[in-house]
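# Notes for the structure review
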Amino acid sequence: MPNSTRGLRRLTFVLVLMLVIGTAAPAAANPPTTTTRTKAAEAVRHGTVGWDTFRRLDRLAEIGRDAKALQFSSFDRTDGNNDGFEGTYSCLAETDAGCVIADHTGAGEITSIWFTRDGGDVSKTGKITIELDGETVVDAPLQDLVDGKLGAPFTYPLVANADQSSGGVYVKVPMPYRSRMKITTQHNPFFYHVNYRTFATADGIETFDPADQALDVIETLRAAGTADPKPEQPNPRTIDKITKIAPGASAVLAESDTAGALTGIKLKLPQLAVTPVDRTRTAPKKPSPSGLDPRKARWIRPDLRTAAATGETRLSDEILAKARLKITFDGEVTVDVPLGEFFGSGLGLYPVKSLMFGMDVKTRTLTAWWLMPYAGSARVELYNGTDTELRGAASSVAVSDDPGWAEQLADGTVGHFRATANREHATFGLDHLFLEATGTGRVVGVAQTVEGLIPTGNQRNYLEGDERLFVDGSASPDQHGTGTEDFYEGGWYFNRGTFSAPLTGNPSHELAGGGCEFDCTGLYRLLLADGIDFESMIRFGIEHGPGNDADAITGSTTFWYGSADRTLQWTDSLDVGDDTSETEHDYSAAAPGEVITATSRYEGIDGPAEPITLDGRATTGKISFTLAVAEDNRGVLLRRLSDQAEPYQTARVSVDGKDAGLWRQPLGNATRRWLDDSHPLPAALTAGKTSITVILEPTGDANWHAAAYQALSRRPAAPDTEDPGPVAGLTADAGESTAVTLSWTAATDDDYAPRYEVHASTTAGFTPSEDTLAGVSRGPGFVHAELDVRQTWYYRVRAVDAAGHAGPYSDQVSATTGDTLRIEAESLFADATATAPLQVQGNCCGVAWSGGAQLWFTPTSADQTVTLTFELATAGTYALTGAQTLASDYGINELILDGERLGEPFDAYNSPEVKISDPIAYGSRELAAGKHTLVLHVTGKNPDSTSYMAGLDYLQLVLS
């Protein structure tokens, strides 16, 4: 059986770094030089902490730090959409004090707290208590806290209520701690997230003091969008130009050939225009009961429609979408992104007042203020991708000449500024990727533009998607959110309308007007205190809809600092339960426990299911083992692959006899049981050694479970040059179904952890190629689905790391599929034809369909049809069954296969809840090999039904 899982997370980040020039914020008497920046970085490799996050934005480019961004949230642990409606997953533990929503032991910092419930009224949550290092720093009604009643520093914009953040409430006060933080609410809060970061050591960390009002920070934030928030930089100068740019041409706005940094970019484009709002038009109706979860419907407030676009606004929108800002640093193009998203709004010219960028609609001016260091050269260009000449484009680029940046870039202390754009028609089942990158870096923001393509029903269903973050090869999400508007810290589809705050915003929403066909949204979020550090790789994305099922075109720009070289190397792995591996690593346990084999999944994985079989041990006794580490390490990340069925697994850690803190993991999940978590070991315990002896002493009531331990050594920056090891232990099994389940033993590599290419063919002895690639798995398990009955398939698998290095292919294995073919109706959508709107709808409204989605037909009258086609490879007699959806607005339909009706007409009316039918028997049919046609015909409706909709879950065929 496979014993460990190492899944590479391809993490794609869309970071919004806007360099805005305007009136400078008050500067310090002695502005920091590169030398003082370097000394500060060398003294504490946490990066900026506490209020320095906002006071020292000149240090934003630092990378290779020991900070790790994590999150607690109320997300649905079954990968459904019940992210807080009943508070099922909101409490890590329930105590006499209330609901524990965040609990971390070790040094760290709370960076962002967000809630919503009851349309944004959080008064029923009661009090919130925040404890840091044994002291209570906040103990007050949550509604009072977000209303600003506690006073500075808990005042807007560091806190916001639902009127200020459009349906959500937040606390953005950075709160560092040295040994432990714990957050408790008096009552279940329902929807929430707590972002925090951890540090390897408490050195240099001062516990948050609520008496420090940070009035200077509040003043800076309140000037957002109008002033440069950074300290004054040395040797400043500006490069100003006015230019015209022909269609398809580029213009150079600024160049520099000496070391320094760009500190701001301003563009004034007279051809930009604002889309007006027609407030006389009627607001759209709320979606139908089957189109929107009824637990959410009562809190939605539809926006007024925007007016139709004029010729002037069409050109403006085209400029912001098709003109591109391109920046080259030291010979490498690191920025090539749509103009609008770079400045906070990709949907059009709308008011944006963010701390690091802005749009002034009155003066048609775009500004941004990010620090962009370079060692020797910089070049800023504007490309005109429209069909119209850009005239009178006035630019002003601020430059700080400073030779010290060359040294910092060379030693990896800081990274080049980068902006990564990704625009795509969303793919069913897959996240939209903000950023997927390798090396070392830090994400500092994201801007997103979504063009919904949902013609009827819940046209904002795309906002149901959760963000998911995977850092440094973790197979578990380091962050898993609860919804798109929640990530941008609003709520209930932004039920107070658009807003622009210093750190987050929804500046634009167009509904069937402007340049939008159905429903479109523009969004941004800066990640400053809650920036995301990575040391080898990152995969950052967001769902489109509750099950990655909402039709949409999604664009994003992710802004980050980074270097291509990694600073984290996988140096050893202990496979718990494997006799050879345990012996090699001197594994011993006072009560080792039996080797337990189980099959489960990780949370938050997009794409096909990846069931993984693991061996492991659970114990309450002391454990000891050795792991190899790099001698030049700057600390080690001790990673554990575990079964999280039991929450609050806790162990005291020591390294070579010295205390290394308490490893407490409060998370638990009985349905997606596998968890990658980690414990940082500071350089004081590991530097200069080639191996370490780790002792774990479990404490508390929960068993301590492990399937594997990994040592990831923090090292000087270096490229990845090694190939992954071989894949062994490959097995394949189909059972009675037409899906083959594969599993194997995880491969080794110097990067944690490789992904796996799965190749399949119906020909024995095949040679793997692009044509045989069945899929890519991020762990040692894969399901090859949607096959035909009684087919024999042959498989080979190889590991591929983030740098593209590939290991050898495995030996070939085979499996023969069974007699049961289940055709998920949504899988037939691409070639379907219909006489009324047709779409794929993911799990919704309290139901979970067979494949996580249904084919949803939404006619408004009878005698409407959907025509579907599928192919069979094997002729024979098949017993047919199926499942359909019932709701209060569903009609009566019949299914017709190859011209003959299946069974009796189906009355799909049910009230008040939405539900899935029991399997419907359609009898047996003799079916030939080849193409078949299935027609769903809506014939009428129940007198009590409010509409004629239909929902087909699946059609199942069993060969006799």
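Predicted model only: the values in this text are computed from it and were never measured. Counting restarts for each chain: residues are numbered from 1 in the order of the written sequence. A pLDDT threshold of at least 70 governs which residues receive local features in this predicted model, and a stricter bar of 80 or more applies before side-chain atom pairs are shown or counted, although totals over entire chains, interfaces and linings include all residues. Only heavy atoms go into the side-chain values, all of them from the structure, while hydrogens and water stay out.

## Brief notes about the environment of leucine 730
Quick note on the threshold: By definition, any uninterrupted DSSP run of H or I lasting at least four residues is a helix, any uninterrupted run of E lasting at least two residues is a strand, and each is numbered from the N terminus. Partly exposed describes any residue whose relative accessible area lies between the buried limit of under 20% and the exposed limit of over 50%, with all areas from a 1.4 Å probe on protein chains only and scaled to the type maximum. We call two residues in contact when some of their heavy atoms are within 4.5 Å.
For leucine 730, the position within the fold is in strand S48 (residues 728-733). Leucine 730 sits in the buried class, given a relative accessible area of 12%. A sequence separation of 81 residues divides leucine 730 from aspartate 811, and the C-alpha atoms of the two residues are 7.7 Å apart. Among residues more than four places away in sequence, those in contact with leucine 730 are Leu742, Ser743, Trp744, Tyr795, Arg796, Val797, Ser810, Asp811 and Val813.

## Quick word on the state of the cysteines
Keep this limit in mind: Criterion for a disulfide: a pair of cysteine sulfur atoms within 2.5 Å.
All told, the structure shown has 2 disulfides when counted by the stated rule. Across the disulfide from cysteine 91 sits cysteine 99; the S-S distance is 2.1 Å. Looking down the S-S bond of the cysteine 91 and cysteine 99 bridge, the torsion is -120°, so its handedness is left-handed. Residue pairing for cysteine 516: its cysteine sulfur links by disulfide to cysteine 520, the two sulfurs lying 2.2 Å apart. Negative torsions about the S-S bond denote left-handed disulfides, and the value of about 90° found for cysteine 516 with cysteine 520 makes this one right-handed. Judged on exposure class, the residue cysteine 516 and its partner cysteine 520 are both buried.

## Some words on the domain arrangement of the chain
The criterion, for reference: Throughout, the edges of the domains are those of an automatic or database domain assignment.
Looking at the chain, the domain boundaries give domain 1 (51-223), domain 2 (236-276 + 304-401), domain 3 (568-718), domain 4 (728-818) and domain 5 (822-959). Computed over C-alpha atoms, the centres of domain 2 and domain 5 are 50 Å apart.

## Thoughts on the UniProt feature "domain: Fibronectin type-III" (unreviewed entry) in the chain
Here is the rule we go by: UniProt positions are given in the numbering used here, feature names are shortened, and annotations may be inferred rather than shown by experiment.
What UniProt calls "domain: Fibronectin type-III" (unreviewed entry) maps, in this numbering, to residues 726-820. Here residues 726-820 is 0% helix and 44% strand, with 34 Å between the C-alpha atoms at its ends.

## Things to note about the pairing of strand S47 (residues 708-718)
Note the cut-off: A pair of strands is labelled paired if DSSP reports no fewer than 2 bridges between them.
Summarising the sheet, strand S36 (residues 566-575) and S47 pair through 8 bridges and their orientation is antiparallel. Across the sheet, arginine 566 pairs through a bridge with alanine 718, a residue of S47. By the bridge criterion, 6 bridges tie strand S41 (residues 636-643) to S47 in an arrangement that is antiparallel. Looking across to S47, one finds that leucine 637 is bridged to leucine 712.

## Some remarks on the environment of proline 837
Counting through the fold element by element, proline 837 comes out in the loop between strand S56 (833-834) and strand S57 (838-842). Along the primary structure proline 837 and valine 866 are separated by 29 residues, whereas in three dimensions their C-alpha atoms are 9.4 Å apart. Non-local contacts of proline 837, meaning those with residues more than four positions away in its chain, are made with Pro455, Thr456, Trp856, Phe857 and Thr858.

## Some thoughts on the side chain of threonine 738
Among the structural elements, threonine 738 can be located in the loop between S48 and strand S49 (740-745). Those residues within four positions of threonine 738 in sequence are excluded, and the remaining contacts are His784, Ala785, Glu786, Leu787, Asp788, Val789, Thr817, Gly818, Thr820, Leu821 and Arg822.

## Focus on the sheet that holds strand S62 (residues 900-907)
Read from one edge to the other, the open sheet built from 5 strands follows the order S56-S59-S65-S61-S62, with strand pairing classed as antiparallel. Strands with a single pairing partner mark the edges of an open sheet, and in this sheet they are S56 and S62. Looking at chain direction, strand S61 (residues 892-897) and S62 are connected through 5 bridges and run antiparallel. What sits directly across from isoleucine 896, in S62, is arginine 901.

## Describing the sheet that holds S47
We count it as follows: The axes are straight lines fitted to the C-alpha atoms, using for helices just the contacting stretch, and the angles between their N-to-C directions are given from 0 to 180°.
Read from one edge of the open sheet, 4 strands run S36-S47-S41-S44, paired in antiparallel fashion. Only two strands of the sheet have a single partner each, and these edge strands are S36 and strand S44 (674-681). Across this sheet, the average inter-strand angle for adjacent strands is 25°, counted without regard to direction.

## Overview of the pattern of salt bridges
How we decide: Take a side-chain nitrogen of Lys or Arg and a carboxyl oxygen of Asp or Glu: if they are within 4 Å of each other, that pair is a salt bridge.
A complete count under the given rule lists 45 salt bridges for this structure. As a salt-bridge pair, arginine 673 and aspartate 643 come within 2.4 Å of each other at their nearest N and O atoms. Taken as a pair, arginine 673 in the loop between strand S43 (658-665) and S44 and aspartate 643 in strand S41 lie far apart in primary sequence, 30 residues in all. A salt bridge links arginine 652 to aspartate 659; its shortest N-O distance comes to 3.4 Å. On the basis of relative accessible area, arginine 652 is assigned to the partly exposed category, the value being 34%. Relative accessible area serves as the criterion here: at 52%, aspartate 659 is assigned to the exposed category. Within the structure, one salt-bridge network assembled from shared partners comprises Lys172, Glu489, Arg525 and Asp530.

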